[in-house]
Amino acid sequence: MSLAPDSTALTPALGDLFARELPELALPWRAEATPEPTLLALNEPLAESLGLDPAALRTPEGLGLLTGTLVPAGATPVAQVYAGHQFGGYSPRLGDGRALLLGEITDTDGVLRDLHLKGSGRTPLARGGDGLAAVGPMLREYVVSEAMHALGIPTTRALAVVATGRTVRRETPLPGAVLARTASSHLRVGSFQYARATDDLDLLRRLADHAIARHHPDAAQADNPYLALFDAVAAAQASLVARWMCVGFVHGVMNTDNVTISGESIDYGPCAFLDVFEPTTVFSSIDEGGRYAFGNQPPITEWNLARLAEALLPLIDDDQEKAVALAVEGLGRFRDRYAEAWKAGTRAKLGLPAGLDDAVATPLVDEVYELMRANHVDHTGFFRALGSAARGNAEPVRGLVLDLAGIDAWLERWLAACPSGPDADAMDRVNPIYVPRNHLVEETLAAATAGDLAPLASLLAAVRAPYDERAGLERYAEPAPDSFGDYQTFCGT
Ligand code: AMP
Ligand code: MG
């Protein structure tokens, strides 16, 4: 017997914690009507983990919830106000120009999650923008955030992409869409910059207390809770960026408004995974100076955290000089934490034994990256092929490197450093075989924009189990054909 969709799933209890506790940062607003909503992608496991019935979400009322046109009773959708440094230049009032926080939902584990829309129409913070989003960029966020989640990297998650039936005018007319996503919150460094700039110390303290309660509750017990909050954010970001570096992810637009307090990756605009390993890689068409190049991501994170520290100074200590000294110490701890996280991550990628002396491990790591760089080696492919070398077959990895003498010498030293052999299975658990490669993402989005969703389903199936090699998915493990050329991405506008 088939049951009717559970209509209570369409009116989930959406909290208004953010809007209530921080009204200065929340502009109540409503989504624009959608002429002809059509579901393009629904994340059923995520829906279920939120206590939402996938069948109900597919109904017209469900699409209303997913596009913001049907607001559950008691919910207060808001556009969030924040500031931010964009490419180093400060904007005092950014905020959600085309996004809405519908409210918070408690998932089946009892964890509070933001339910948020992107592309839901102009808000009072839209400035020159049209408030809209196109199908391609919203599906791009869906695919990449699912891949990141499956890789075990903290991230916001896509719940659904709904085509609106509206045409969005970009360089060419494109079909419009709304993305519904979840996050452990949308608090960002830019939220603190905004609160600090108002000179309202009470607002800044309420924001910090809200952030501590939601993300870093241990900080509340510390001698200096706001310094402890800074430390906790810095630790979360150190771990996050080390994960990006280990997997070859380039965020592309690490403005302070895109750096979360939770430590989740957010805002998949011009992001992309490395093809060949090259630290200077920039994909974003607008990042002319290479500020957000792959290799710059750790120091840029430190720069962004320095902006957070500045915003928190009045809470860290009444004595400005003392506050600065404490903040500088805190930033130093970020460096150490990042170095530790990267060291652990790269050793795991190479299958090096725990406790291997730095004097042996550090040059092995440095030299293998230099070999990859000098030989333009495919990043994802190399580490996976190294797993084969750990099992006794060095040919796949030798096939990727032009400098055979160099790779042979390195392999010999690598094997010598692992007396009981590198643990190939453990390597395969940290070195993905399937990442959303740029040519595959482009192919998928072009097909979806033209109405064919089959490639999207196949790509999602591959990247949702990124460490498990499966027959039939060979093309998802291969580098781009030469004809693909130099890849450029564009902001999600
Ligand atoms: P992002 O870099 O995508 O995080 O966006 C930076 C800022 O630009 C945010 O304030 C966005 O809300 C805003 N924005 C981006 N695209 C649009 C758009 N099409 N209409 C209005 N605001 C936008
Ligand atoms: Mg953003």
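Criteria and cut-off values
- Counting from 1, residues in each chain are numbered in the order their sequence is written.
- The lettering of chains begins at A and the numbering of ligands begins at 1, in the order of writing.
- For this predicted model, a pLDDT threshold of at least 70 governs which residues receive local features, and a threshold of 80 or more governs which side-chain atom pairs are given and counted, while totals over whole chains, interfaces and linings are taken from all residues.
- Excluded from the side-chain calculations are hydrogens and water; all other atoms, namely the structure's heavy atoms, are used.
- Numbering goes from the N terminus for both helices and strands, where a helix is a DSSP run of H or I of at least four residues and a strand is a run of E of at least two.
- To get the radius of gyration, use the C-alpha atoms; to get the globule rule, take the number of residues to the power 0.38 and multiply by 2.2 Å.
- Only protein chains enter the accessibility calculation, which uses a 1.4 Å probe; a residue whose area is less than 20% of its type maximum is buried, one above 50% is exposed, and one in between is partly exposed.
- Two residues qualify as a contact provided that any one of their heavy atoms is within 4.5 Å of a heavy atom in the partner residue.
- Surface accessibility in these figures is a Shrake-Rupley result with a 1.4 Å probe; residues are shielded only by whichever protein chains are displayed.
- By the counting scheme adopted, Arg and Lys are positive, Glu and Asp are negative, and His together with the chain ends is not counted.
- Just so you know, the charge point we use is NZ for Lys, CZ for Arg, CG for Asp and CD for Glu.
- In this scheme, strands are said to pair when DSSP sees at least two bridges between them.
- Sites may look incomplete, because water is not among the atoms used; the donor set itself consists of N, O and S atoms within 2.8 Å of the metal (3.2 Å for Na, K and Ca).
- In this analysis, the protein atoms alone were mapped onto a 1 Å grid. Cavities are point sets where a 1.4 Å probe fits without being able to get out; pockets are open sets with protein on both sides within 12 Å along at least five of seven lines; lining residues have an atom within 4 Å of a point.
- Grid points are joined across faces, edges and corners, and a volume is the space filled by probe spheres set on the points.
- Three residue categories are used. Nonpolar comprises Ala, Val, Leu, Ile, Met, Phe, Trp, Tyr, Cys and Pro, charged comprises Asp, Glu, Lys and Arg, and polar comprises the others, including Gly.
- The axes are straight lines fitted to the C-alpha atoms, using for helices just the contacting stretch, and the angles between their N-to-C directions are given from 0 to 180°.
- By the definition adopted for this analysis, an angle is roughly parallel if under 35 degrees, roughly antiparallel if over 145, roughly perpendicular if from 65 to 115, and oblique otherwise.
- A clockwise turn of the near helix away from the far one marks a right-handed crossing, whereas an anticlockwise turn of less than a right angle marks a left-handed crossing.
- Note that the domain bounds reflect an automated or database-derived domain assignment.
- Should a side-chain nitrogen of Lys or Arg be within 4 Å of a carboxyl oxygen of Asp or Glu, the pair is scored as a salt bridge.

## Points about the overall build of the chain
1) Next: Counting its secondary structure elements, the chain contains 18 helices and eleven strands.
2) Next: Rg of the C-alpha trace for the chain: 23 Å, near the compact-globule value of 23 Å for 493 residues, within the 12% margin.
3) Next: Residue burial in the chain is summarised as follows: out of 493 residues, 56% are buried.
4) Next: Once local pairs closer than 6 in sequence are excluded, the contacts in the chain between residues at least 24 apart make up 72%.
5) Next: On the chain, roughly 19800 Å² of surface is accessible, and the fraction owed to carbon and sulfur atoms is 54%.
6) Next: Mean positive and mean negative side-chain charge positions of the chain (40 and 64 charges, respectively) differ by 3 Å.

## Describing the pairing of strand β8 (residues 157-169)
1) Next: Relative to β8, strand β2 (residues 38-42) is paired through four bridges, and the arrangement is antiparallel. Considered in β8, the bridge of threonine 38 is made with alanine 163.
2) Next: Connecting β8 to the antiparallel partner strand β9 (residues 173-183) that follows it, the hairpin turn spans three residues.

## Remarks on the coordination of the magnesium ion (ligand 2)
1) Next: Looking at the magnesium ion (ligand 2), the protein donor atoms are Asn258 (OD1) and Asp267 (OD), and they sit 1.9 to 2.2 Å from it. With respect to class, asparagine 258 is no different from aspartate 267; both count as buried.

## Focus on the layout of surface pockets
1) Next: Space inside the second largest pocket adds up to approximately 650 Å³.
2) Next: In this structure, the second largest pocket is lined by 22 residues; those nearest its centre are Pro137, Arg170, Leu174, Phe490 and Cys491.
3) Next: For the lining of the second largest pocket, the secondary-structure elements that each account for two or more residues are α5 (135-150), β9 and α16 (438-449).
4) Next: When grouped by side-chain class, the residues that make up the lining of the second largest pocket number ten nonpolar, eight polar and four charged.

## A word on the packing of helix α8 (residues 225-247) against helix α10 (residues 320-349)
1) Next: Interaxial distance between α8 and α10 falls to 8 Å at its minimum, and their mutual angle equals 30°. The orientation of α8 relative to α10 falls into the category roughly parallel. For the crossing formed where α8 meets α10, the hand is right-handed.
2) Next: Residue composition of the contact of α8 with α10, grouped by class: 16 nonpolar, five polar and four charged.

## Examining the environment of alanine 389
1) Next: By the secondary structure assignment, alanine 389 is in helix α12 (residues 379-390).
2) Next: Overall, the relative accessible area of 8% leaves alanine 389 in the buried class.
3) Next: For the pair alanine 389 and alanine 424, spaced 35 residues apart in the sequence, the C-alpha separation amounts to 8.4 Å.
4) Next: Residue contacts for alanine 389: discarding those within four places in its chain leaves Ala394, Val397, Leu411 and Trp414.

## Considering the pairing of β9
1) Next: In terms of burial, β9 is a largely internal element, eight of the eleven residues being buried.
2) Next: Relative to β9, β8 runs antiparallel, the two being bridged by nine bridges. In the sheet register, threonine 167 faces β9, and the bridge partner there is proline 175.

## Some points on empty space enclosed by the protein
1) Next: If you walk through the whole model with that rule in mind, you get two cavities of 30 Å³ or more.
2) Next: Empty space within the largest cavity amounts to approximately 70 Å³.
3) Next: In this structure, the largest cavity is lined by 13 residues; those nearest its centre are Gln237, Leu240, Trp244, Asn258 and Val259.
4) Next: Of all the secondary-structure elements, those providing two or more residues to the lining of the largest cavity are α8 and α9 (297-316).
5) Next: Tallying contributions element by element places α8 first for the lining of the largest cavity, with three residues.
6) Next: Classifying every residue of the lining of the largest cavity gives five nonpolar, seven polar and one charged.
7) Next: Here the second largest cavity defines a volume of roughly 40 Å³.
8) Next: For the second largest cavity, the full set of lining residues is Arg140, Val144, Cys271, Ala272, Phe273, Pro436, Asn438 and Val441.
9) Next: At the level of secondary structure, the elements contributing two or more residues to the lining of the second largest cavity comprise α5, β11 (272-273) and α16.

## Focus: the domain arrangement of the chain
Accessible area lost during the coming together of the parts is what is often quoted as the interface size.
1) Next: Annotation of the chain at the domain level lists domain 1 (2-186) and domain 2 (190-347).
2) Next: Its C-alpha centre places domain 1 at a distance of 24 Å from the equivalent point of domain 2.
3) Next: Domain 1 puts 40 residues into the contact, and the matching count from domain 2 is 39 residues.
4) Next: One salt bridge in this structure joins lysine 118 and aspartate 267, with 3.1 Å as the shortest N-O distance.
5) Next: Listing elements by their share of the side of domain 1 that touches domain 2, those giving two or more residues are α1 (17-21), β4 (84-86), β7 (112-118), α5 and β9.
6) Next: Its residues assigned to classes, the side of domain 1 that touches domain 2 comprises 19 nonpolar, eleven polar and ten charged.

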